[in-house]
Amino acid sequence: MAKAQYNADSITVLEGLEAVRKRPGMYIGSVGTKGLNHLIYEIVDNAVDEHLAGYCSEIWVTLEADGSCTVKDNGRGIPVELHAKGVSAERVVLATLHAGGKFDNNSYKTSGGLHGVGSSVVNALSERLTIKISRDGFIHYDEYEKGIPVVELKNGLLPTIGKTKATGTEINFVPDATIFEKTKFREDWLKSRLHESAYLNPRLSLHFENKRAGEEESVTFCEPDGIIAYVRSLNHGKDPIHEPVYFKGSVDSMEIEVAFQFVDAFEENVLGFCNNIFTQEGGTHLVGFKAKFTNLINTYARELGLLKEKDNNFTGPDTRNGMTAVVAVKHPDPIFEGQTKTKLASADATKAVNAITGEELVLFFDRNLETLKGIIACAEKSAKIRKAEEKAKTNMLSKSKFSFDSNGKLANCESRDPSKCEIFIVEGDSAGGSAKMGRNRQFQAILPIRGKILNVEKASMDKVLANAEIKTMINAFGCGFSEGYGNDFDISKLKYDKIILMTDADVDGSHIDTLLLTFLYRFMPELIYNGHVYIAMPPLYKVMPERGEEKYLYDDKALEEYKRSHTGDFTLQRYKGLGEMDAEQLWETTLNPENRVLKRVEIEDARLASEVTELLMGSDVPPRRKFIYDHADEAEIDA
Ligand code: TSJ
């Protein structure tokens, strides 16, 4: 097909695309699976914006059998008429960096901003992208390769490929395999993201369909109860002490929505969103909510005589002990900062959320005294153990500084250069023993742990810190930890570049992984954010052919492949656990950076960890294998 004529504008466009393709990480964060999945979120966010503008009620997201992704909505359809630059407006949206919003009067845009990178970025990073726009009675068609249009315009307008009474936008794209390390979209992350959008947009239906061979599935996410349902689902399987509390309000052009519910557990789970974007690093909206909440609880506790004159106020974390909350704000012009630009910085959000929380919660608590008392009881429990914790922590830290005994089982490495060092957390003493013998002691440390570590979600902090395995890990990593009232975490003191979880490929092993991830996520989340945490993938099989080389196989796909391609007899050995391998085999298959397979843990894995525990513990078949096969293509061989 003939290419469009080049003029000054199209040269600017090409330069823009070139910039995106040269430094994709700058636009989408990474060229790994996370960045890859972001492509879909960006496109979906455009459709969600159409919903926010009031014109779209359904979004369909399909993972196609050919590896591409289709996103379709029933909105107005991207404008196709001639734009000022002499081409269809669609071209301007899809092929100009940071375009979009130009025709848009929707004031709470998600896409095209700091988080949404703009559909043109997706276009630039796609081998092929096709778009069908149903609008004005016709289906208008356009197509791009690596962001460059391959359809010839007539008088600047798109060709039509049919008539229709419907309206909407449909995009199909194939991510560029020369840009991305992997091109297989992560289905579980996508579904959880779509579900999140459903909770945040109660009048929107999001239909997910997976058409990839062997993975066929279709599910619709629709949550008419919105963030109330979100809080309920976050508390699924826990013991709530009251029904969710919900309130909303607006200040100036900001809209604020809050839902919360306390559970009987020592944990705090407050999620913030701004314009549908999850604010991972928190920010001003949460500051406003938390400050007013703490202030109200202390005021009520004194009024009710539950705090006496001599008593100190509850701390912020005390008043949020057991709280699960979603704070969602809509801001016409949000400012984001922080390492990952997921911290809301707009100062007016603090004031607005503070004000609405004050007004609405007073109304609620005055009418619901029992709930209020239940919440104050949670704060009392927290304050009580806080003192014990402070003591436990001081004891532990002072002891650990001088004594080595809680590091007794650690076989440290010789190098003191953290950038080269690795620590393996190994399940079981026998595998730990083999690992100690098989490792490269120059840079590999081995820390065997016995049985199941404490589930930190369920335990109070003093118990957590009294747990021997946890003490040993905190000591070994060297970077302290952050939790609740204190933050002693300092990543610059981390002694190992890679923290590698090495457990059996069975239900117990995966439970241990989950517990370890939960611990790391709660106490040292930066280790996960910064990509220091890995899961070792020991082989599942060894094949010993009558003729030819012995081989280790890491998943069932590899076994099938081997059976298909290998002629002649062979013996198949199935590894059930790490303990079945001797030191040499363990080195060869799981420790040696030349051969081993490591899966890097991304933050979504940790966020999903508790759901995964349920999945893994609730089934008869050893499902970790399935879980890992589902993600086997994720595994990276680090050579
Ligand atoms: F941008 C995109 F390609 F990523 C994309 C945009 C992908 C998908 C699946 C949907 C959309 C999209 C855009 N859906 N709906 C819209 N709406 C508009 O772009 C639109 C329509 C009409 C008007 C108007 O003022 O008449 C304005 C806008 C921004």
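Residues numbered from 1 in each chain as written. Predicted model: local features only at pLDDT ≥ 70, side-chain atom pairs only at ≥ 80, totals over all residues. Heavy atoms only, no water.

(A) Structural context of the overall build of the protein. Helix and strand counts for the protein stand at 20 helices and 27 strands. Here the protein holds 639 residues, and 53% of them are scored as buried. Restricting the contact set of the protein to residue pairs at least 6 apart, pairs at least 24 apart contribute 70%. (Helix = DSSP H or I, 4+ residues; strand = E, 2+ residues; numbered from the N terminus. Buried < 20%, exposed > 50% of the residue type's maximum accessible area, 1.4 Å probe, protein only. Contact = heavy atoms within 4.5 Å.)

(B) Here's a closer look at the sheet that holds strand β24 (residues 551-553). Pairing within the open sheet is antiparallel, and its three strands lie in the order β24-β23-β25. Each edge of the open sheet is held by one strand with a lone partner, namely β24 and β25 (570-574). Recorded for the sheet is a direction-independent mean angle of 25° between the axes of neighbouring strands. Sheet topology note: the strand β23 (residues 541-545)/β24 ladder contains three bridges and is antiparallel. Counterpart to V543 in the pairing with β24 is K551. In the packing of helix α17 (residues 556-565) onto the sheet, contacts are made with β23, β24 and β25, and the angle to β23 comes to roughly 15°. (Pairing = 2+ DSSP bridges. Axes fitted to C-alpha atoms, helices over the stretch in contact; angles between N-to-C directions.)

(C) Representation of the environment of L157 within the structure. Relative to the helices and strands, L157 resides in the loop between β5 (148-149) and β6 (160-163). A sequence separation of 15 residues divides L157 from D142, and the C-alpha atoms of the two residues are 10.0 Å apart.

(D) Fine view of the environment of V231. For V231, the position within the fold is in helix α7 (residues 226-234). For the pair formed by V231 and M323, sequence separation is 92 residues and the distance between their alpha carbons is 9.9 Å. Other than its neighbours up to four places away in sequence, V231 contacts A259, F260, Q261, T324, A325 and V326.

(E) Spatial organisation of the site of the ligand. The full set close to the ligand counts 17 residues, and E50, D73, R76, S119 and I171 are the nearest of them. The separation between a nitrogen atom of the ligand and a polar side-chain atom of E50 is 2.8 Å. Between the ligand and D73 there is a distance of 2.6 Å, counted from a nitrogen atom to a side-chain nitrogen or oxygen. The protein chains hide 87% of the 620 Å² of surface that the ligand would expose on its own. Counting residues per element, the ones that place at least two in the shell around the ligand are α3 (33-52), β2 (69-73), α4 (89-95) and β7 (168-175). For the shell around the ligand, the leading source of residues is α3, giving three residues. (Near = heavy atom within 4 Å. Polar contact = N/O pair within 3.5 Å; in protein donor to acceptor, adjacent residues only side chain to side chain. Areas by Shrake-Rupley, 256 points an atom, 1.4 Å probe, with all protein chains shown as cover.)

(F) Spotlight on the environment of F424. Within the secondary structure layout, F424 lies in strand β17 (residues 422-427). On a C-alpha basis, the gap between F424 and L591 in space is 8.8 Å, while along the polypeptide they are 167 residues apart. Excluding residues within four positions of it along the chain, F424 makes contact with Q444, A445, I446, L447, I500, M502, T590, L591 and R596.

(G) Seen up close, helix α15 (residues 507-523). If you check α15, its first and last C-alpha atoms are 24 Å apart, about what 17 residues at 1.5 Å a residue would give, namely 24 Å. With 14 of 17 residues buried, α15 lies mostly within the body of the structure. (Expected span 1.5 Å × (residues − 1).)

(H) Expanded view of the packing of aromatic side chains. Applying the stated criterion across every chain, the model contains 16 aromatic pairs. With centroids separated by 5.9 Å and ring planes inclined at 75°, the aromatic side chains of F173 and F185 adopt a geometry described as edge-to-face. Linking F173 in strand β7 with F185 in the loop between β7 and α6 (187-200), this pair joins segments that are 12 residues apart in sequence. In this pair, the class of F173 matches that of F185, namely buried. Taken together, a centroid distance of 5.7 Å and an interplanar angle of 65° make the contact between F364 and F365 edge-to-face. Residue F364 is classed as partly exposed on the basis of its relative accessible area, which comes to 21%. (Phe/Tyr/Trp six-rings, centres within 6.5 Å; stacked < 30°, edge-to-face > 60°.)

(I) Here's a closer look at the nonpolar core. Grouped together as the largest cluster of nonpolar side chains are 46 residues, with contacts concentrated most on I40, I59, V61 and F173. Looking at which element gives the most residues to this core, the answer is α3, with eight residues. Setting aside residues no more than four positions away along its own chain, I59 makes contact with V44, A47, V48, V71, K72, D73, L204, S205, L206 and H207. Residues V258, F289, L372 and C378 belong to the second largest nonpolar core, which totals 37 residues. (Core = buried A, V, L, I, M, F, W, Y, C linked by side-chain atoms within 4.5 Å.)

(J) Structural context of the sheet that holds strand β12 (residues 269-274). Spatially, β10-β11-β14-β12-β13 is the arrangement adopted by the five strands of the open sheet, whose pairing is mixed. Each having just a single partner strand, β10 (245-251) and β13 (277-278) make up the two edges of the open sheet. In the sheet, β12 pairs with strand β14 (residues 323-330) via six bridges, with the strands oriented parallel. Pairing of F273 across the sheet is with A328, part of β14. Along the sheet, helix α10 (residues 347-367) contacts β10, β11 (254-262) and β14; its crossing angle with β10, the most-contacted strand, is approximately 135°.

(K) Summary view of the packing of helix α12 (residues 429-438) against helix α18 (residues 583-591). Orientation of α12 relative to α18, taken along the N-to-C sense of each, is 80°, at an axis distance of 8 Å. Classified by the angle between their axes, α12 and α18 sit roughly perpendicular to one another. Touching A431, S434, A435, M437 and G438 of α12 are A583, L586, W587 and L591, all from α18. Of the residues contributing to the contact of α12 with α18, the split by class is seven nonpolar, two polar and no charged. (Parallel < 35°, antiparallel > 145°, perpendicular 65-115°, else oblique. Nonpolar A, V, L, I, M, F, W, Y, C, P; charged D, E, K, R; others polar.)

(L) Seen up close, the packing of helix α8 (residues 284-303) against α10. For the pair α8 and α10, interaxial distance at closest approach is 7 Å and the crossing angle is 35°. In the packing of α8 onto α10, the handedness of the crossing is right-handed. Counted together, T284, H285, V287, G288, F289, A291, K292, F293, L296, I297 and Y300 of α8 and A347, A349, T350, V353, N354, T357, G358, L361, V362, F365 and D366 of α10 form the full contact between these two elements. The residue makeup of the contact of α8 with α10, split by class, is 13 nonpolar, seven polar and two charged. (Left-handed = near helix turned anticlockwise from the far one by under 90°.)

(M) Main features of a nonpolar patch on the surface. Where nonpolar side chains cluster on the molecular surface, the patch consists of L304, L306 and L369 and spans about 210 Å² of accessible area. With respect to the helices, strands and loops of the structure, L304 is situated in the loop between α8 and α9 (316-319). (Patch = residues over 30% accessible without salt bridge, like charges linked within 9 Å, V, L, I, M, F, W, Y side chains within 5 Å. Salt bridge = Lys/Arg side-chain N within 4 Å of Asp/Glu carboxyl O.)

It is worth stressing that arrangement in space is one thing and function is another; only the former is reported here.
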